[in-house]
Amino acid sequence: MTKDSFTVKKLPRIVFEKEGISRLPELIESRGSSVLVVTGGGSFTRSPHWQVLEGSLQRLGGEMHHGSIEAEPTPEGIDDICRRHRRHNIEVVTAIGGGSVLDGGKAAAAMLKSEGSVVEYLEGVGTRKPDGTKVPFIAVPTTAGTGSETTANAVLSRVGPGGFKKSLRHENYTPDIALIDPLLTLGLPLQQTAYCCMDAFTQLVESYLSTAASFFSDDLAWGALRRLKPSLPRLSRAEVGLEDRVNMSYAACVSGITLSHAGLGVVHGFASTIGGRFAIPHGLVCATLMAEANAVTLEKLRNVDTGSLALDKYAHLGRLLSEGHKRSDSYYQDAFIAILQGLTADCGIEPLGRFGITAGDLLAMARASSCKNNPADLGSDERQAILAARL
Ligand SMILES: [Fe+2]
């Protein structure tokens, strides 16, 4: 049964507005005059927005410092940014970029007020508990995927044998402001747009199906899925327009809230395990596993938990995303899986083998992954079968 009790956690002040980037200087100024701006590999710093931001902050009498996150954030990268900027008495941090940049900025905002290395505070890696103290943080996403702009955790990675992909988490680390300007996502290439969109879509579906879902998280997830519905086929046909960018930005923002309140399923259980060992975009991992993971989950529910609410929810998802009326629940459950398979194929989502994963890697990854909150409890053999199907 979907829970009828819930606690709404800390949320950012959400400013969702086309051309909202023009409001960033005033939002920064409202929090402090010495700002650390964290960006990615350079695309934002080469855009006209960068000069406008610099000029505006100068006119307002502010002092601007810059840090960059070139790829997925690492503990060493965060420590380095903090080492270089602690002496600047930073009063506000803003991160402008994709999910990795937002996570990096979020971690830097926290660690500017904490002692030691960030690795000491990572869940499952370090032994210290974050106390939640941080510099005010403004998240400005330029992709529509992870929903980091509305979550309380920053994911940091060390990729390779013995690697990890783990969270720095505290409710206070939720951004103070999420400034979401869908126009900033316009320049994102179509393939990356597909990965990001599939991440947000997966997060909405997994939190909707989660064993920890409440009607608060369900209503939010359902509303965002309805808004995303017309954009999914246009994503498949490479016809993504401005309306789709708005829908995707909204879906990503809401997915961060629903995952924070309901948790996620087996796809994201795989994502952290795979992401710690292989350099694969997070959204691609979600996209490539989504259809198979749900097919296996649905099959198990049909075999062992025929009264499960999740079966009703699978039918609702199929009804929402497919055409036609008055078919059986079973028809719509299958239709949902077929839609996921179609999205994977039409968006050209690559299998795991393209990234160096071999059959010999699967058992260890299946055992290390989790399916907490997945509507069916899948054993490591079932999880291995999901990976094998997408090798
Ligand atoms: Fe995700």
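Quantities reported herein were computed from a predicted structural model and do not represent experimental measurements. Every chain begins its residue count from 1, and numbering advances along the sequence as written. Predicted model: local features are reported for residues with pLDDT of at least 70 only, side-chain atom pairs are reported and counted for 80 or more only, and whole-chain, interface and lining totals are derived from all residues.

**As for helix α6 (residues 215-228)**
- Over its 14 residues, α6 runs 20 Å from end to end, which matches the ideal 20 Å to within 8%, given 1.5 Å per residue.
- Neighbour counting defines burial: a residue surrounded by 20 or more other C-beta atoms within 10 Å of its own C-beta is buried, one with 12 or fewer is exposed, and intermediate counts give partly exposed, using backbone-placed C-beta atoms. Runs of E in the DSSP output that reach at least two residues are strands. Runs of H or I that reach at least four are helices, and both are numbered from the N terminus. For α6, the complete set of buried residues consists of S217, D218, L220, A221, A224, L225 and L228.
- Here, residues touch in the contact sense if the C-beta positions derived from the backbone fall within 7 Å of one another. Residues of α6 that are buried sit in contact with α5 (190-209), α7 (231-236), α8 (242-262) and α11 (309-321). For a helix, the expected span equals 1.5 Å multiplied by the residue count minus one.

**Some points on the nonpolar core**
- Formed by 112 residues in total, the largest nonpolar core has its most connected members in V93, A108 and A251.
- Marked domain ranges trace back to an automatic or database domain assignment. The residue makeup of this core includes at least three contributed by each of domain 1 (13-185) and domain 2 (190-389).
- Those residues in contact with A251, other than ones at most four positions away along the chain, are A144, A200, F201, L204, A224, R227 and L228. Each nonpolar core reported here comprises buried Ala, Val, Leu, Ile, Met, Phe, Trp, Tyr and Cys residues connected via C-beta atoms within 7 Å.

**Some thoughts on the domain arrangement of the chain**
- You can read the domains of the chain as domain 1 (13-185) and domain 2 (190-389).
- Between domain 1 and domain 2, the C-alpha centre-to-centre distance is 27 Å.
- At the level of elements, β1 (13-16), β7 (164-169) and β8 (177-180) are the ones that each hand at least two residues to the side of domain 1 that touches domain 2.

**Brief notes about the sheet that holds strand β3 (residues 63-68)**
- Sheet architecture is open: 6 strands sit in the order β1-β8-β5-β4-β2-β3, paired in parallel fashion. At either margin of the open sheet sits one strand with a lone partner, and together these are β1 and β3. Across the sheet, the mean angle separating the axes of adjacent strands is 20 degrees when strand polarity is ignored.
- By the bridge criterion, 6 bridges tie strand β2 (residues 34-39) to β3 in an arrangement that is parallel. Residue pairing in the sheet places V37 in a bridge with H66 of β3. Whether two strands pair depends on DSSP finding at least two bridges between them. Axis definition: a line fitted to C-alpha atoms, over the contacting stretch in the case of helices. Angles run 0 to 180 degrees between N-to-C directions.

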